[in-house]
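Structural characterization, general
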Amino acid sequence: MIRLLLLALLIMSLPAHARDPHSYANADEVSVRHLMLDLTVDFEARQLRGFADLQLQWHRQEARTLWLDTRDLVIERVWVVRSDGAWQPATFRLGATHALYGQGLSVALPGQPQKVRIEYHSLPQASGLQWLPAELTASGRYPFLFSQSQAIHARSWVPIQDAPAVRFTYDAHIRTPAGILARMSASNDPQDQATGDYRFSMTQPIPAYLLAIAAGELAFKPLGPRSGIYAEPALLDAAADEFVDTERMIDVAESLYGPYRWGRYDLLVLPASFPFGGMENPRLTFLTPTVIAGDRSLVSLIAHELAHSWSGNLVTNSDWNHFWLNEGFTSYVENRLVEALFGSRQADMERVLSERSLALELPELAPTDQALVLDLADRDPDDGMNAVAYDKGHWLLRTMEQRYGRPAFDPFLRGWFDRGAFASASTEDFLQYWRQTLLRERPDRFSEAEMQQWLHQPGVPAHAQSAQSAAFDAVDAARAAWLQDPTTTLPTGDWSTHEWLRFLDGLPDDLSNARMAELDQAFGLSGHGNAEIAFQWYVKAIRSGYVAARPSLADFLQRIGRRKFVLPLYQELAKRGGDDLVFARSTYATARAHYHPITRSSVDPVLN
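Here's a quick rundown of the structure.

What counts and what doesn't
- Residues numbered from 1 in each chain as written.
- Predicted model: local features only at pLDDT ≥ 70, side-chain atom pairs only at ≥ 80, totals over all residues.
- Heavy atoms only, no water.
- Helix = DSSP H or I, 4+ residues; strand = E, 2+ residues; numbered from the N terminus.
- Rg over C-alpha atoms; globule rule 2.2 N^0.38 Å.
- Buried < 20%, exposed > 50% of the residue type's maximum accessible area, 1.4 Å probe, protein only.
- Areas by Shrake-Rupley, 256 points an atom, 1.4 Å probe, with all protein chains shown as cover.
- Lys, Arg positive; Asp, Glu negative; His and termini not counted.
- Charge placed at Lys NZ, Arg CZ, Asp CG, Glu CD.
- Axes fitted to C-alpha atoms, helices over the stretch in contact; angles between N-to-C directions.
- Parallel < 35°, antiparallel > 145°, perpendicular 65-115°, else oblique.
- Left-handed = near helix turned anticlockwise from the far one by under 90°.
- Contact = heavy atoms within 4.5 Å.
- Nonpolar A, V, L, I, M, F, W, Y, C, P; charged D, E, K, R; others polar.
- Polar contact = N/O pair within 3.5 Å; in protein donor to acceptor, adjacent residues only side chain to side chain.
- Pairing = 2+ DSSP bridges.
- 1 Å grid on protein atoms, 1.4 Å probe; cavity = no way out; pocket = protein on both sides within 12 Å on 5 of 7 lines; lining within 4 Å.
- Points joined across faces, edges and corners; volume = space filled by probe spheres on them.

1. Section: the overall build of the protein chain
Along the protein chain, the regular secondary structure elements total 18 helices and 21 strands. The C-alpha atoms of the protein chain give 25 Å as radius of gyration, which agrees with the globular expectation for 608 residues (25 Å, within 12%). Principal-axis analysis of the C-alpha atoms places the extent of the protein chain at approximately 85 × 60 × 45 Å. Every one of the 608 residues in the protein chain was classed for burial, and the buried ones make up 60%. With the model as given, the accessible surface of the protein chain reaches about 22700 Å², and the carbon-plus-sulfur share is 51%. Of note, the protein chain has its 56 positive side-chain charges centred 3 Å away from the centre of its 73 negative side-chain charges.

Structure, rendered in structure tokens:
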């Protein structure tokens, strides 16, 4: 008991707000503790307009200036509350514009007031917002707005200390046109009607990258007593059927890692331009519709976003150099949930695919970017959002589990979540916790030198054990037989999505057009309804020069904005040059306006 108390005190005593390399915030002097938003959603002007009240906590007696992060915000006025409760104007200044970090907003304050108010509006090009016209929604009746704040895009729609070590609670009053339902990463009442006037409250402290808003024609369907799904009405039934296991996932996660501490866990399916698979906004995970496969084969994405309720949302990386603490832990927990819910066969396949993803990406990265602990100073923190953080981080925790055994490792991981709840942590904090627990108790299982190699060296350590899958071994044998003898029948009748991905990934890049056409005609791979399978097929089609897939590929690229899919496909086309590059540029010219700003910023350099 004494040791547990000491560990808890250790974590609580860690520095709360070191200066973040990607933020102008002076959170070591003064930090935001509560945010009150009062905003109007203006679809015609494509802007959020209103004010933000910031409640402050001062840390240094001599401090008199508040520094905030902004990007593409028009700051109209700043007010400070006096001791008598009245508002008075405050002097403010916007610094020089940085291409990545935007502008620092400094507010000179009399004394150390408890609250400031910032009147502002966003600009149409805000990187954290996407404004979709009605014709790009499922029904074509109402426009749609959604945010994506991670990593440092919250500053494009809220003037805030946009650093993950700064956590705050928030309330919001949001106005929209009638008929449009607004939702936020906060309390959402499933009984709300689309009146155009909404109030939200988030009582647990969160970092700015977990601020989220969506507004559009949305309907709701419950999935369990504390979970449900929002989607455009045309997608609602299919989405609810796809994610029917959500409540069971919450129960399994609680049995492994402790109570779910966020109240409700709802899902919101966004339009197809959403740039990511999912975003773990607390209480309201945002999802791409590309995971609605019709057979529940891609629901491990839900397990991943739910896992963030412990790893990332509950215990958050102190800055983006330690992003693996969010995503490596989450990927490990996701795999444990998949195993518990769907069996070791599926969990084994997903681990093999994870390691394959890492193996493909490592050669594309500089050696310094292959380490888990990064140095992203003067770089976009999005550069760290790659397979290293997710898959290498997962592999490290899996290796620790193998060395220590689950009876020891599971309580260790739960202890990390319990002791660090609603706080931020660095890799050094993790090391201190590990040294005081598992390393002290079992010093012969996993050495300090091995740990440092995982954290700071490129690649994967030689001692890492690769995942194995008997199901994939059978797929490999079937593919080899088919490649050797065209008359061989492929045993695809009961193949899962994962087995199809393994089969397609292993096909030679120079497979003849005749063999590609044979596969296409037999299994309808061009235009396949499962986005993961379609994507893997289009990669092979591009590499093999199978131009018959182009009409379906163009449709895929013009319908879907998920960066995981569109960026590699444009990269593959650009590599080949010639007619492929012409096709890529023509397709992109049509699709670009429909993509999220984050996706556009990734693809633009590829196609010049």
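Moving on from the coordinates now.
2. Section: the packing of helix α9 (residues 427-441) against helix α10 (residues 448-456)
In contact at an axis separation of 12 Å, α9 and α10 are set at 155° when each is read in the N-to-C sense. Judged on the interaxial angle alone, α10 and α9 are roughly antiparallel. Remark: the crossing between α9 and α10 carries right-handed chirality. In this structure, α9 uses Thr427, Phe430, Leu431, Trp434, Arg435 and Leu439 to contact α10, whose residues at the interface are Glu448, Met451, Gln452 and Leu455. The class makeup of the residues in the contact of α9 with α10 is six nonpolar, two polar and two charged.

3. Quick word on the side chain of Arg515
On the secondary structure map, Arg515 appears in helix α13 (residues 513-523). Owing to a relative accessible area of 12%, Arg515 belongs among the buried residues under this scheme. Here Glu518 takes part through its side chain, which lies 3.1 Å from a polar atom of the side chain of Arg515. Filtering out sequence-adjacent residues up to four positions away, Arg515 remains in contact with Trp482, Leu483 and Pro486.

4. Some details on the environment of Arg199
Among the structural elements, Arg199 can be located in strand β13 (residues 197-206). Using a relative accessible area of 59% as the deciding quantity, one classes Arg199 as exposed. Ignoring sequence-local partners within four residues, the contact set of Arg199 consists of Ala172 and His173.

5. Quick look at the sheet that holds strand β5 (residues 87-89)
Two pairing modes exist for strands in a sheet, parallel and antiparallel, and in both the strands are linked by backbone hydrogen bonds. Pairing is mixed across the open sheet formed by seven strands, whose spatial order is β5-β4-β8-β2-β1-β11-β13. The sheet is open, and its two edges are formed by β5 and β13, each paired on a single side. Between one strand axis and the next, the sheet turns through 20° on average, direction left out of account. Pairing analysis gives twelve bridges linking strand β1 (residues 30-42) to strand β2 (residues 47-58), with the strands arranged antiparallel. Residue pairing for β2: Asp42 is matched across the bridge by Gln47.

6. Side note on empty space enclosed by the protein
In this structure the tally under the stated criterion is four cavities of 30 Å³ or more. In this structure, the largest cavity occupies an estimated 80 Å³ of space. Tallied by class, residues from the lining of the largest cavity come to eight nonpolar, one polar and two charged.

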